[in-house]
Amino acid sequence: MTIVYAVIIFLLLIFIHELGHFIAAKACDVKVNEFSLGMGPLMFSKQGKETLYSVRWIPIGGFCAMEGEEEDSDDARALNRKSSLQKFAIFAAGPLMNGVLALIIMILIALVSGMPSTVIGTVDDGMPAKEAGILPGDVILSIDGEEINEWSDVGEIISEEKNSVDIMMERDGKQYSVSVTPKYSEKEKRYMLGITSKPVHSPGRACVQGVRATAGMTVVMYRVLAKLVTGEVSTKEISGPVGIVSVVSETSKKGFVYVAYLTALISLNLGVMNLLPFPALDGGRILFLVIRKITGKRVTDEMENRFHMAGMLLLFAFMIFITFQDIGRLIQ
């Protein structure tokens, strides 16, 4: 199942990424010669009206080969004959689609799993809440006079509170107050009441939660990238395809929701990484659009292609390094 999950995740993310380029290319009337899922030797292919659709044996890559992408073409529909704005849309569409996929997955996870509410779901035996008479279905209105709007507010107040707290509750439409002294949990390393939230399933709230979660992950990724540049985070903490398969193996034991979350995380990471201004990446191509807009014809297609080729070689070398590092971790 690990191999199945890993292959499905890789193929899904690659397909979505290249589909973004493909859709944008078609929208800009650019001729697409081949749309391939996978890399390496050809498994099978089907010739469309204009585009060759193919599947290749190595499921860790793919491409959307456009006319005039690698070299100048006289074809009126070639990429090299399109405007800078159209090229920008085509290059940015791949990473954007990865971000959209991550957002959709996070919304679905929130909708299926439910989101915490201020309604009590369970009350643990032997814990302060049980002893105070709190029951499942009760609604927390305020703690020590502070209004509670989100379940996270409860944790923030209780986790560091050693003394008793006055909680205003609602049961069957009637309000009541109860005084509870939190109990310290050695396992959780914080003070607790012994209650859990009752999840709610709301499409509207799921969309809000999905946007928040995706935005939060994006911010964290850029912070980690910044720390990589400054040396605060070591390259030893980076994983490649082999490392990802190992993570998929561990995640699959916890259930489908965790695999879905991992898929969203990798998809967003793929989008963020591809937008980096590095040659051969989509971000590098966008950077050259800006450079060539400023410098005019001083930077030729041949010069740009050389930079992208050099960038591709560096990326392959880095991938080999990361792969050996992942294998070393597995052996250890």
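Residues numbered from 1 in each chain as written. Predicted model: local features only at pLDDT ≥ 70, side-chain atom pairs only at ≥ 80, totals over all residues. Heavy atoms only, no water.

Draft legend 1. The arrangement of the overall build of the protein chain in detail. What the protein chain contains, in helices and strands, is nine helices and 10 strands. Since a compact globule built from 332 residues should have a radius of gyration of about 20 Å, the 26 Å found for the protein chain marks it as more spread out than a globular shape. Expressed along its principal axes, the backbone C-alpha trace of the protein chain runs to roughly 80 × 45 × 40 Å. Across the 332 residues in the protein chain, those meeting the buried criterion constitute 38%. Counting contacts in the protein chain only where the partners sit at least 6 residues apart, residues at least 24 apart contribute 63% of the total. On the protein chain, roughly 19,200 Å² of surface is accessible, and the fraction owed to carbon and sulfur atoms is 63%. (Helix = DSSP H or I, 4+ residues; strand = E, 2+ residues; numbered from the N terminus. Rg over C-alpha atoms; globule rule 2.2 N^0.38 Å. Buried < 20%, exposed > 50% of the residue type's maximum accessible area, 1.4 Å probe, protein only. Contact = heavy atoms within 4.5 Å. Areas by Shrake-Rupley, 256 points an atom, 1.4 Å probe, with all protein chains shown as cover.)

Draft legend 2. Expanded view of a negative patch on the surface. Residues Asp144, Glu146, Glu156 and Asp166 make up a contiguous surface patch of negative charge. In this structure, aspartate 166 sits in strand β6 (residues 165–171). (Patch = residues over 30% accessible without salt bridge, like charges linked within 9 Å, V, L, I, M, F, W, Y side chains within 5 Å. Salt bridge = Lys/Arg side-chain N within 4 Å of Asp/Glu carboxyl O. Lys, Arg positive; Asp, Glu negative; His and termini not counted. Charge placed at Lys NZ, Arg CZ, Asp CG, Glu CD.)

Draft legend 3. Quick look at helix α6 (residues 241–252). The end-to-end C-alpha distance of α6 is 16 Å, a good match for the 16 Å that 12 residues give at a rise of 1.5 Å each. Among the residues making up α6, those that are buried are Gly243, Val248, Thr251 and Ser252. Around the axis of α6, the buried residues are gathered within 165 degrees of arc, so they sit on the same side. Packed against the buried residues of α6 are α1 (2–27), α7 (256–274) and α9 (301–331). (Expected span 1.5 Å × (residues − 1). Arc of directions from axis to C-beta.)

Draft legend 4. Molecular detail of the pattern of salt bridges. A complete count under the given rule lists 12 salt bridges for this structure. Between glutamate 150 and arginine 205 there is a salt bridge whose closest N-O contact spans 4.0 Å. Here glutamate 150, found in the loop between β5 (146–147) and α4 (151–158), pairs with arginine 205, found in helix α5 (residues 203–230); they are 55 residues apart in sequence, far enough to count as distant. Glutamate 186 is the salt-bridge partner of lysine 189, the closest N and O atoms lying 3.6 Å from each other. In this pair, the class of lysine 189 matches that of glutamate 186, namely exposed. Each of Lys26, Asp29, Glu50 and Arg77 takes part in salt bridges that share partners, so that together they form one network.

Draft legend 5. Structural context of the side chain of threonine 263. Positionally, threonine 263 belongs in helix α7. Threonine 263 has contacts with Ile9, Leu12, Leu13 and Ile105, leaving out every residue within four places of it along the chain.

Draft legend 6. Inspection of the pairing of strand β7 (residues 174–180) at higher detail. Two elements, β6 and β7, share seven bridges in a ladder whose sense is antiparallel. Bridged to valine 165 within β7 is valine 180. From the end of β6 to the start of β7, which pair antiparallel, there are two residues, and aspartate 172 there has a positive phi angle of about 55 degrees. (Pairing = 2+ DSSP bridges.)

Draft legend 7. Representation of the layout of surface pockets. For the second largest pocket, the calculated volume is near 420 Å³. Surrounding the second largest pocket, 23 residues form its lining, Lys87, Leu289, Arg292, Asp301 and Glu304 being those nearest its centre. Top contributing element to the lining of the second largest pocket by residue count: helix α8 (residues 282–295), with four residues. Of the residues in the lining of the second largest pocket, the class split is four nonpolar, seven polar and 12 charged. (1 Å grid on protein atoms, 1.4 Å probe; cavity = no way out; pocket = protein on both sides within 12 Å on 5 of 7 lines; lining within 4 Å. Points joined across faces, edges and corners; volume = space filled by probe spheres on them. Nonpolar A, V, L, I, M, F, W, Y, C, P; charged D, E, K, R; others polar.)

Draft legend 8. Main features of the nonpolar core. Counting residues in each nonpolar core, the largest one holds 21 residues, and the members touching the most others are Ile9, Ile105, Met106 and Leu268. For this core, the secondary structure elements donating two or more residues are α1, α2 (84–113), α5 and α7. Looking at which element gives the most residues to this core, the answer is α7, with seven residues. Non-local contacts of methionine 106, meaning those with residues more than four positions away in its chain, are made with Gly210, Ala213, Thr214, Met217, Tyr261 and Ala264. (Core = buried A, V, L, I, M, F, W, Y, C linked by side-chain atoms within 4.5 Å.)

Draft legend 9. Summary view of the packing of α1 against α7. Interaxial distance between α1 and α7 falls to 10 Å at its minimum, and their mutual angle equals 40 degrees. The angle between α1 and α7 falls in the class oblique. In this structure, the crossing between α1 and α7 has a hand that is right-handed. Along its contact with α1, which presents Tyr5, Ile9, Leu12, Leu13 and His17, the element α7 presents Val259, Thr263, Ile266, Ser267, Leu270 and Asn274. Residue composition of the contact of α1 with α7, grouped by class: seven nonpolar, four polar and no charged. (Axes fitted to C-alpha atoms, helices over the stretch in contact; angles between N-to-C directions. Parallel < 35°, antiparallel > 145°, perpendicular 65-115°, else oblique. Left-handed = near helix turned anticlockwise from the far one by under 90°.)

Draft legend 10. Highlighting α8. For α8, with 14 residues, the first-to-last C-alpha span of 20 Å sits near the 20 Å given by 1.5 Å per residue. Among the residues making up α8, those that are buried are Asp282, Gly283, Gly284, Arg285, Ile286, Phe288 and Leu289. Glycine 296 lies just past α8 and shows a positive phi near 75 degrees.

Draft legend 11. Expanded view of the sheet that holds β6. One open sheet holds the four strands; their spatial order is β5-β4-β6-β7, and the pairing between them is antiparallel. On the outer flanks of this sheet lie β5 and β7, each paired with one strand and no other. Note: strand β4 (residues 139–143) against β6, four bridges, orientation antiparallel. Directly across from isoleucine 143, in β6, lies its bridge partner isoleucine 167. Across the sheet, α4 is in contact with β4, β5 and β6; its angle to β4 comes to roughly 45 degrees.

Nothing here speaks to function; it is geometry throughout.
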